[in-house]
Every structure is written in structure tokens, then in C-alpha cells.
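Chain by chain, the residues:
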Amino acid sequence: MPVDSAPERPAGAAARCGGFSAPTYAALDLGTNNCRLLVGAPAGGGFRVVDSFSRIVRLGEGLAATGRLSEAAMDRAIAALAACAEKLARRPVRHFQAVATEACRRAGNGPAFLARVEAETGLRPRIISAREEAELAMESCSPLLEQQDRRALLFDIGGGSTEIAWIRVPAAGLHCGQAPAELIGYVSMPLGVVTLAERAGASCFTEEGFGAVVEEVAEHLRRFDRVHCIGQEIRAGGVRLIGTSGTVTTLAGVALALPRYRRPLVDGRVLDIEVADQALGDLFALGRAGLAAHPCVGPDRVDFVLPGCAVYAAIRRVWPVPTLTVADRGLREGMLLRMMRAQRQPWRDHRPALARRHGP
């Protein structure tokens, strides 16, 4: 996926009623590896994308070894955040939220860095907990759940950590706004594509090194499984596995043999697990040069793909399910949906008066 261009999403016409344009909302996610901005406007039960931005900043580079964000990493992140601030200045939004995740949670100089961000860009990212990360991912992926699902196992392979959410799906009212999905439990493992790439990235290109990472991650997952008896639930049926991360969307792009990454063809796609496994094998067989040349990977992500695939392989080993639901959505989408839902009632209350004021 291109890192500085908006992913392909349907633009659509502006939602209007009596000449009144729907307000726009913006969400920014400053992660361990990427800085992402998404601007959307309400449309139906969700939203349409107005603008977006994504750039690899590697904020967590070297963090595992030093416990601090490096000057070079902070400079890269500041440059990306300044670009986001410029976008927001050109397009006023009704409500805006910015969050920071694992790198800023773990870094000793995380708070000082965020103070610098505010001083230099005017943006104020809020450090969120691992639980809130899991809740936001659940919020964005809930529309992918179906009535026959009893449970969902949602995983998000990030740069500095991997979040696993174990979700109860309501028996009725899933898409009627009556009974939202419920987070039963979650775990945040300090194993993401950046941390694993720095520690074991080169060895992931060998079968022995790849297998060692898979087993390390699997041991973390088994502890979580013992608490929630997830394997037993999978054997009973009705458990949906959902993956949201660059690793999973890359697997889908390879499985679909896309000449270039296209979000509309990937988001929400359900892959037979054997197809996803074959895509993993194909990626592993490419080697470094082949990954760098692949249209769904590229040179900027070549070091992160196989560590992410090792995390996926561990999930697959511990929790054997027949299908994988691919989600090209995450924290930003969850933040937008929350903001829109929170302000939906005031929006309805004020809409007639505003429409009269600004209408023809």
C-alpha cells in the first residue's frame, strides 16, 4: 500500500438535506510504525471518507533497546504530524481526536515528546491504554460480524504490540443499534512488527528463526487461551477470526494476486484459512528482494512483513479456525464512529435550525 497517498475508498457525493452539508470529523493515530489521519463525514450508519494520510515514521525505532524515543524518530513523526496539521487547517472539522499508542506508552520520554508535538504542530495526541486500543478496533470491525457469529477473536498486529480481543456477539440486534458487541477480554503482547524486526528480523527469513518467533508468540497466546477457553469455543463453532493490520491486508493482497493493493477488494474479504496459509508461504518464499519488489509490500515494509506473518502464524497455530476475515480498518475508523455516535443526537436536534439558516 502506498504510504503517502490515501487508500482507495468510495468518495461519493456530499450528504445534503436542504442545502446543508454533513459535518466532517477527523481521527489521528500515532503508532509505533505509522502516522495516520482519517477525515470522514456521516453517511448512513457509517461514514464516507473525505480525506486521509498515512506515512511510515518508525517512531518506535530503537525503543526496545533504550527505553526512549530517538531524536531521529521523533523528527520523522513531527514532520508527519505537521503535514496532518496542515491538512486539518485547510479543512475545518466539527470534532477531532488524536491518540498515541505503544511507543509513547513505553517510552520514558513519551510525555516530553507529546509536549513537543503540541508546541510545534498544535496537535495534542492522547496516550491511550491497550484496552482502549482493543475497544476501538472492536468498534471499527463490528460491522463485519454476522448474525450466526457467537464470538469473535479480533487481532491487531501493530508496530510495538499486538492486541487480541475476545468478543461476545449479541444474539439479536447486532445491526440495529440495540445490543453492541461486548469485549469479554483482551491481551496486549509487547510483540509488534517493529520490535520483532529489530530483535529477530533477519532470522525471520530463515525457517528456524521464523519458527522460533512463532513459538514465542504462541506461548503468550496459550496463556490467554487458558483464561478464556477460546479453543473450546472454536470447537463448538460460531467463532469468527478477524485480523486488522498491514500484515493481514498484505496476506489478502497476495492471496487475491492483486497487481497493486486496492482496499475495496480487501476490506471485509473472507479467506479460507488454507488460502491465507498459502499466501503466507508465498511471501516467505519471496525472500528480501522479492518482498521489496512485490506491489503489496514494497521496500519500506520489507523488514516488517515476515515478523508480522510470524505473529499471524502463531494465532493460526493456537486457534485453528476455518476462515479469516480481513479488515482494512482500525483505530481511526473506531474513533470516527465513536465521535459521530456521541454527537448524533445534538446533530439531529440542531439540524433543522441550521438548515433553515444556511439553506436556500
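Throughout, residues of each chain are indexed from 1 in the direction in which the sequence is written. Since the coordinates come from a predicted model, pLDDT governs what is reported: local features require at least 70, and pairs of side-chain atoms require 80 or more to be given and counted, while whole-chain, interface and lining totals use all residues. Side-chain measures here rest on the full set of heavy atoms in the structure, leaving out hydrogens and waters.

### Things to note about the packing of helix H5 (residues 130-141) against helix H13 (residues 331-342)
- Contact geometry for H5 and H13: axes closest at 7 Å, N-to-C directions at 75°. One way to sum up the angle between H5 and H13 is to call them roughly perpendicular. Each of Glu132, Glu133, Glu135, Leu136, Ala137, Glu139 and Ser140 in H5 lies in contact with H13, whose residues at this interface are Leu331, Glu333, Gly334, Met335, Leu337, Arg338 and Arg341. Here an angle of 0 to 180 degrees is reported between the N-to-C directions of two axes, which are lines fitted to C-alpha atoms, with helices fitted over the stretch in contact. Only DSSP runs of H or I with at least four residues qualify as helices, and only runs of E with at least two residues qualify as strands; both kinds are numbered from the N terminus onward. Roughly parallel refers to an angle under 35 degrees, roughly antiparallel to one over 145, roughly perpendicular to one between 65 and 115, and oblique to any angle outside these ranges. We call two residues in contact whenever any of their non-hydrogen atoms come within 4.5 Å of each other.

### Some thoughts on the nonpolar core
- Definition used in this section: a nonpolar core is a set of buried Ala, Val, Leu, Ile, Met, Phe, Trp, Tyr and Cys residues joined via side-chain atoms within 4.5 Å. Note on exposure labels: buried denotes an accessible area under 20% of the residue type's maximum, exposed denotes more than 50%, and partly exposed covers the range between, all computed with a 1.4 Å probe on protein chains only. If you look at the biggest cluster of nonpolar residues, it comprises 56 residues, and the most contacted ones within it are Phe155, Leu221, Tyr312, Trp319 and Leu324.
- With 12 residues, helix H12 (residues 302-318) is the single largest residue contributor to this core.
- With near-sequence residues (within four places) excluded, Leu324 lies in contact with Phe155, Leu241, Gly243, Val248, Arg269, Val270, Leu271, Ile273, Ala276 and Tyr312.

### A few points about the side chain of Thr32
- Looking at the secondary structure, you find Thr32 in the loop between strand E3 (25-30) and strand E4 (34-43).
- Separated by 3.3 Å, the side chain of Thr32 and the backbone nitrogen of Ala103 make a polar contact.
- Other than its neighbours up to four places away in sequence, Thr32 contacts Arg58, Leu59, Gly60, Thr101, Glu102, Ala103, Gly159, Gly160 and Val194. Two N or O atoms count as a polar contact when they lie within 3.5 Å, although within protein this holds only if one can serve as hydrogen donor and the other as acceptor, and sequence-adjacent residues are included solely when both atoms are side-chain atoms.

### Description of unusual backbone geometry
- The phi torsion at Arg58 lies on the positive side, around 50°, for a residue other than glycine.
- With respect to the helices, strands and loops of the structure, Arg58 is situated in the loop between strand E5 (46-56) and helix H1 (63-66).

### Notes on the sheet that holds strand E7 (residues 126-127)
- Note: two strands are recorded as paired if DSSP finds a minimum of 2 bridges between them. An order of E5-E4-E3-E6-E7 is seen for the five strands of this open sheet, with the pairing classed as mixed. Either end of the sheet is taken by a strand with one partner, and the two such strands are E5 and E7.
- As paired strands, E3 and E4 are joined by six bridges and run antiparallel to one another. Considered in E4, the bridge of Leu28 is made with Leu37.

### Here we look at the pairing of strand E6 (residues 95-100)
- Pairing between E3 and E6: six bridges, direction parallel. Along E6, the bridge assignment pairs Leu28 with Ala98.
- With two bridges connecting them, E6 and E7 associate as parallel partners. Its bridge partner lying in E7, Val99 is registered against Arg126.

### Considering empty space enclosed by the protein
- In this analysis the probe radius is 1.4 Å and the grid spacing 1 Å, with only protein atoms considered; a cavity is a set of points the probe fits into but cannot get out of, a pocket is an open set with protein on both sides within 12 Å along at least five of seven lines, and lining residues have an atom within 4 Å of a point. Grid points are joined across faces, edges and corners, and a volume is the space filled by probe spheres set on the points. The tally for this structure, following the rule as stated, stands at two cavities of 30 Å³ or more.
- Considering only enclosed or pocket space, the second largest cavity measures out at about 40 Å³ in volume.
- Around the second largest cavity, the lining residues are Glu133, Ala134, Ala137, Leu154, Phe155, Asp156, Glu163, Ile164 and Ala165.
- Amino acids are sorted into nonpolar (Ala, Val, Leu, Ile, Met, Phe, Trp, Tyr, Cys and Pro), charged (Asp, Glu, Lys and Arg) and polar (every other residue, Gly among them). Across the lining of the second largest cavity, the residue classes tally to six nonpolar, no polar and three charged.

### Thoughts on the sheet that holds strand E12 (residues 270-272)
- The strand order E10-E9-E8-E11-E13-E12 describes an open sheet built from six strands, whose pairing is mixed. The sheet terminates laterally at strand E10 (182-189) and E12, the two strands that pair on one side only. Strand after strand, the sheet turns through a mean of 25° between neighbouring axes, direction not considered.
- Where strand E11 (residues 239-243) meets strand E13 (residues 323-326), two bridges bridge the pair, whose relative direction is parallel. What sits directly across from Gly243, in E13, is Val326.

### Quick look at the pattern of salt bridges
- In the sections that follow, a salt bridge refers to a side-chain nitrogen of Lys or Arg positioned within 4 Å of a carboxyl oxygen of Asp or Glu. On inspection of all chains with the given rule, the structure shows 29 salt bridges.
- Ionic pairing is found between Glu215 and Arg222, a salt bridge with its closest N-O pair at 2.8 Å.
- Glu215 is the salt-bridge partner of Arg317, the closest N and O atoms lying 2.9 Å from each other. Of the two residues, Arg317 sits in helix H12 while Glu215 sits in helix H7 (residues 207-228), which places them 102 residues apart along the sequence.

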